[in-house]
Amino acid sequence: MSKKTDFYTPYKGPAGGWGALQSTTKHWLQSDNAVRNINTLLKTNQPHGFDCPGCAWGEKHDPAKIRFCENGAKAVNWEATSRKVDAAFMAEHSVSWLNTQSDYFLEYQGRLTEPMRYNRETDHYEAISWEQAYQHIADTLKAQSNPDNVAFYTSGRASNEAAFLYQLFARAYGTNNFPDCSNMCHEASGYALTSSIGIGKGTVEIDDFERADAVFVFGQNPGTNHPRMLETLKEVVQRGAHLFSFNTLHERGLERFQNPQNPIEMLTNGSKPTNTGYFCPKIGGDMAVVRGMVKVLIDLEAEAQKEGDAVFDHDFINEHTQGLDAYLEQVKQTPWAEILQQSGLTKEEITYTATVYANANSVIITWAMGITQHHHSVATIHEMVNLMALRGNLGKPGAGVCPVRGHSNVQGDRTMGINERPSQAFLDALEKRFDFTPPQEHGLAVVDTIRAMRDGKVGVFIALGGNFAAATPDTQATMHALTQCQLTVQISTKLNRSHLVTGTEAIILPCLGRTDIDHQEKGQQKVTVEDSFSMIHASGGVLEPLSKEQKSEPAIVAGLAAATLGNFPIDWMEAVGDYDIIREHIAAVVPGFNDFNQRILQDGGFYLGNSARERHWKTPANKVILHTHILPESILPKRAQDLLSDKTLIMQTLRSHDQYNTTIYGMNDRYRGIKGERKVVFINPADIQRLGFVEGQSVTLRSLWDDGVERKVSGFKLVPYSIPAGNIASYYPETNPLVPLDSHGEFSNTPTSKSIAIELEAYEEESNGIAVSSL
Ligand SMILES: Nc1nc2c(c(=O)[nH]1)N[C@H]1C(S)=C(S)[C@@H](COP(=O)(O)OP(=O)(O)OC[C@H]3O[C@@H](n4cnc5c(=O)[nH]c(N)nc54)[C@H](O)[C@@H]3O)O[C@H]1N2
Ligand SMILES: Nc1nc2c(c(=O)[nH]1)N[C@H]1C(S)=C(S)[C@@H](COP(=O)(O)OP(=O)(O)OC[C@H]3O[C@@H](n4cnc5c(=O)[nH]c(N)nc54)[C@H](O)[C@@H]3O)O[C@H]1N2
Ligand SMILES: [Mo]
């Protein structure tokens with residue numbers, strides 16, 4: 001039996017203090033161009049610099065402040081490397097050989113600096129001119145019998161300008177097939193909020209955090225994934241307002257935090273949590289938690305009424321909501337036993353949180369992937385909206401819902417029309433502006449795109465960023481599906497798995513990133529992005545590009561479009577010479593962007609507005625719809641349920657501190673105490689014992705699904721951790737082979753990356769097979 005335990009030691013320091021800066025410094029110094037990088041960083045999120053490619057957290061506009069965080073620093077630094085992946089590099093390494101290398105190795109090789117085409121005979125990528133690349137792709141597109149044979153993927157770093165051109169190109173070509181990273185991310189938030197409050201975005205602005213009496217953070221790890229949010233949360237605590245976290249794990253970044261830019265705190269190395277509460281529900285238990293809170297509120301309301309008082313905001317409920325009675329009836333009918341069993345919290349804990357909620361005049365709820373990547377995510381978010389509606393915590397100062405977005409412009413991409421289910425109003429606006437009828441039928445999102453590739457219905461795949469092969473579920477099935485394609489095209493900054501798992505033909509188009517200066521015919525260009533608070537701001541690069549052969553994303557999209565469609569429906573090359581022209585088109589099509597070119601000149605950008613914030617509900621009834629769902633018997637999809645046994649564990653897949661999605665910066669996970677290892681399983685010590693394992697032991701993880709396909713990964717080591725019994729956690733993307741393609745959220749179709757039924761068995765490293773570890 002293999003056993004190794006020297007790769008983990010519990011982390012004792014606070015999140016964000018010395019540890020953070022030491023790590024950042026190390027990343028600077030390891031880079032090839034440390035001085036250049038420090039200069040770069042200092043412009044991050046400043047009025048005249050570039051928007052941090054790290055996350056979508058917004059900022060209060062205050063030019064006096066330097067705004068970066070450790071993980072933003074890593075993201076910037078990673079992009080601003082001077083290492084190159086060019087044709088010479090590719091001549092040295094075959095695709096088969098590169099495929100045996102880790103994700104970390106691939107991205108570490110540097111920036112893609114010239115267009116390349118895969119030569120299947122030699123198994124190498126070779127240089128190709130931009131014209132040849134455009135022509136070849138255009139010829140392939142024009143030869144398709146049906147535009148729906150093509151899928152246009154988008155990852156959430158694409159700017160508004162790039163995204164708008166991209167969707168215009170795809171729709172003018174004839175398809176609404178827009179799989180995008182959002183399908184794997186906050187899709188449930190968009191769906192649930194649109195169907196309840198009439199807009200798929202959060203209703204709070206950054207200032208609301210200064211006024212909230214309580215902030216509830218659900219299923220989110222800001223210490224790693226949104227470090228700038230910690231500063232906001234710290235201010236909430238210091239003001240004496242309540243901060244409650246609901247997280248399956250004890251995440252250091254949430255338990256204690258301090259501002260890395262505050263030297264006094266760093267010297268004392270202390271942080272003082274007050275008014276804070278940390279609750280550890282079971283995986284998928286949040287809907288039960290919220291339902292329990294509402295059950296308590298119903299009792300509190302009954303008591304208050306006896307005194308002639310009220311806990312519910314009846315004015316709000318009467319004027320603004322629909323469906324209250326049915327919902328409350330459903331809550332009353334849900335037994336406490338079910339709530340406690342599914343949530344994993346005690347009745348006292350739930351009562352306490354409900355009481356704090358009832359006594360607060362304004363409450364903000366934030367959430368991220370711990371809520372959105374389950375089978376019942378939409379139902380859970382509806383439940384949260386219901387909770388908020390009961391006390392009018394929607395559209396009032398210091399209150400509201402706040403899905404904290406992931407990629408820095410994922411929200412903006414949706415606003416620009418990257419949506420396989422576009423609204424009729426959007427399509428009509430395109431038609432009016434560009435004088436053609438865009439395809440009216442809805443297209444394919446991520447999971448359906450993979451199915452369509454598998455079934456021979458999508459044969460051309462074009463990706464504006466991202467790493468489709470590694471980020472998507474069911475790795476074996478997805479990789480097979482990709483290889484069924486006739487042509488795969490990747491518009492990317494860095495080498496990743498998706499360049500190596502290809503269609504019969506494959507082309508890499510190297511693009512500029514946020515940090516790079518974008519020179520076009522009419523001079524240096526800026527792009528714009530939208531943060532989680534619907535603030536639109538400009539972003540301009542500050543570094544000279546590594547190579548003259550790299551092009552901006554808008555230029556590449558325009559090049560492809562011009563080669564395919566000529567000057568239809570716009571003069572693409574003219575638009576790309578001056579991005580003001582693209583923004584004029586956006587202003588004419590997308591509501592809220594009037595005077596776009598003038599308004600982005602304002603420091604700090606402009607606010608797009610949010611109808612729900614104004615208590616204007618764009619639902620069919622023009623009210624907040626209180627949706628009623630039965631608390632699911634099991635949080636797992638039906639197709640896993642019949643296979644469960646007392647050995648079954650439920651797994652969530654999450655991010656380490658040293659990664660950006662599929663980009664692995666390093667092998668440590670500081671706050672969780674992991675060093676030099678990514679193949680780990682966080683597990684409750686009682687489960688280690690119960691299942692007859694020992695800590696540090698190497699195991700195989702096998703997922704349960706009724707299709708008879710074996711899905712397993714091996715060589716993962718057991719790490720005893722504070723996690724509810726029956727739950728485990730492991731890193732993404734290494735665990736994506738375990739997520740069945742058909743295991744996705746109800747209504748959202750988001751892969752259930754946070755609730756997968758797993759069984760473990762001992763794994764003998766020495767003796768057998770090749771685990772899926774090269775991912
Ligand atoms: N540095 C860095 N920043 C990033 C990213 C990155 O990879 N690296 N990714 C970006 C992207 S695209 C996104 S979407 C965001 C992701 O941001 P997060 O959502 O914070 O990312 P995850 O690592 O998936 O963390 C999920 C958190 O939810 C908890 N959790 C899991 N399941 C449950 C559950 O059922 N209930 C509750 N209450 N908690 C649960 C986990 O313990 C974990 O703390 O971050 C963005 N920012
Ligand atoms: N099991 C599991 N799976 C998950 C998740 C999970 O929690 N668990 N999370 C899901 C989530 S929330 C998301 S958002 C997706 C992420 O899915 P993606 O967005 O597809 O993946 P990323 O890893 O962010 O993409 C990284 C690649 O983007 C390219 N890139 C970086 N910057 C730029 C740029 O400026 N322009 C262009 N054109 N390319 C660029 C680089 O080549 C880099 O290799 O993964 C999802 N998959
Ligand atoms: Mo995401």
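Residues numbered from 1 in each chain as written. Chains lettered and ligands numbered in written order. Predicted model: local features only at pLDDT ≥ 70, side-chain atom pairs only at ≥ 80, totals over all residues. Heavy atoms only, no water.

Visitor: What exactly am I supposed to notice about the packing of aromatic side chains here?
Guide: Ring pairs (aromatic) are described by centroid distance and by the angle formed between their planes. Scanning the entire structure with this criterion turns up 35 aromatic pairs. With a centroid separation of 6.4 Å and an interplanar angle of 65 degrees, the aromatic rings of phenylalanine 152 and tyrosine 173 are classed as edge-to-face. Taken together, the residues span a long stretch of sequence, with phenylalanine 152 in strand E5 (residues 150-154) and tyrosine 173 in helix H8 (residues 160-173) at a distance of 21 residues. Neither phenylalanine 152 nor tyrosine 173 differs from the other in exposure class; each is buried. One aromatic cluster in this structure is built from Phe216, Phe218, Phe244, Phe246, Phe279, Tyr352 and Tyr357. The side chain of arginine 157 reaches across the aromatic face of tyrosine 660, ending 5.0 Å from its centre. Taking NZ or CZ as reference, lysine 551 lies 5.3 Å from the ring centre of tryptophan 130, over its face. (Phe/Tyr/Trp six-rings, centres within 6.5 Å; stacked < 30°, edge-to-face > 60°. Helix = DSSP H or I, 4+ residues; strand = E, 2+ residues; numbered from the N terminus. Buried < 20%, exposed > 50% of the residue type's maximum accessible area, 1.4 Å probe, protein only. Lys NZ or Arg CZ within 6 Å of the ring centre and 35° of its normal.)

Visitor: Sorry if this is basic, but what is going on with the site of ligand 1 here?
Guide: Around ligand 1 sit 31 residues, and of these Asn247, Glu251, Gly284, Asp286 and Asn661 come closest. Contact between ligand 1 and glycine 219: an oxygen atom at 3.3 Å from a main-chain N or O atom of the residue. One nitrogen or oxygen atom from the main chain of asparagine 221 is found 2.8 Å from an oxygen atom belonging to ligand 1. Within the complex, the protein chains bury 99% of what would otherwise be the 920 Å² of accessible surface of ligand 1. Those elements that place two or more of their residues in the shell around ligand 1 are helix H10 (222-225), helix H19 (369-372), strand E21 (649-654) and strand E22 (659-660). (Near = heavy atom within 4 Å. Polar contact = N/O pair within 3.5 Å; in protein donor to acceptor, adjacent residues only side chain to side chain. Areas by Shrake-Rupley, 256 points an atom, 1.4 Å probe, with all protein chains shown as cover.)

Visitor: So what exactly am I meant to see when it comes to helix H22 (residues 424-434) here?
Guide: Think of an α-helix as turning once every 3.6 residues; residues three or four places apart then point the same way. Those residues of H22 that sit buried are Phe426, Leu427, Ala429, Leu430 and Phe434. For H22, the angular spread of the buried residues around the axis is 160 degrees, confining them to a single face. Projecting away from the buried face of H22 at angles above 90 degrees are the exposed residues Ala425 and Lys432. Its buried side turned inward, H22 meets H8, helix H21 (410-415) and helix H28 (579-589). (Arc of directions from axis to C-beta. Contact = heavy atoms within 4.5 Å.)

Visitor: Just checking my understanding: could you explain the sheet that holds strand E19 (residues 606-607) for this structure?
Guide: The strands that make up a sheet pair up through hydrogen bonds in the backbone, lying either parallel or antiparallel. Reading across from one edge, E17-E18-E19 is the order of the 3 strands in this open sheet, with antiparallel pairing throughout. Since the sheet does not close on itself, it has two edges, and those belong to strand E17 (527-530) and E19, each with one partner. As judged from the 4 bridges shared by E17 and strand E18 (residues 535-539), these two strands associate in the antiparallel manner. Counterpart to glutamate 530 in the pairing with E18 is isoleucine 536. Each of E17 and E18 is contacted by H8, which is oriented at about 90 degrees to E17, the strand it contacts most. (Pairing = 2+ DSSP bridges. Axes fitted to C-alpha atoms, helices over the stretch in contact; angles between N-to-C directions.)

Structural measurements only, silent on function.
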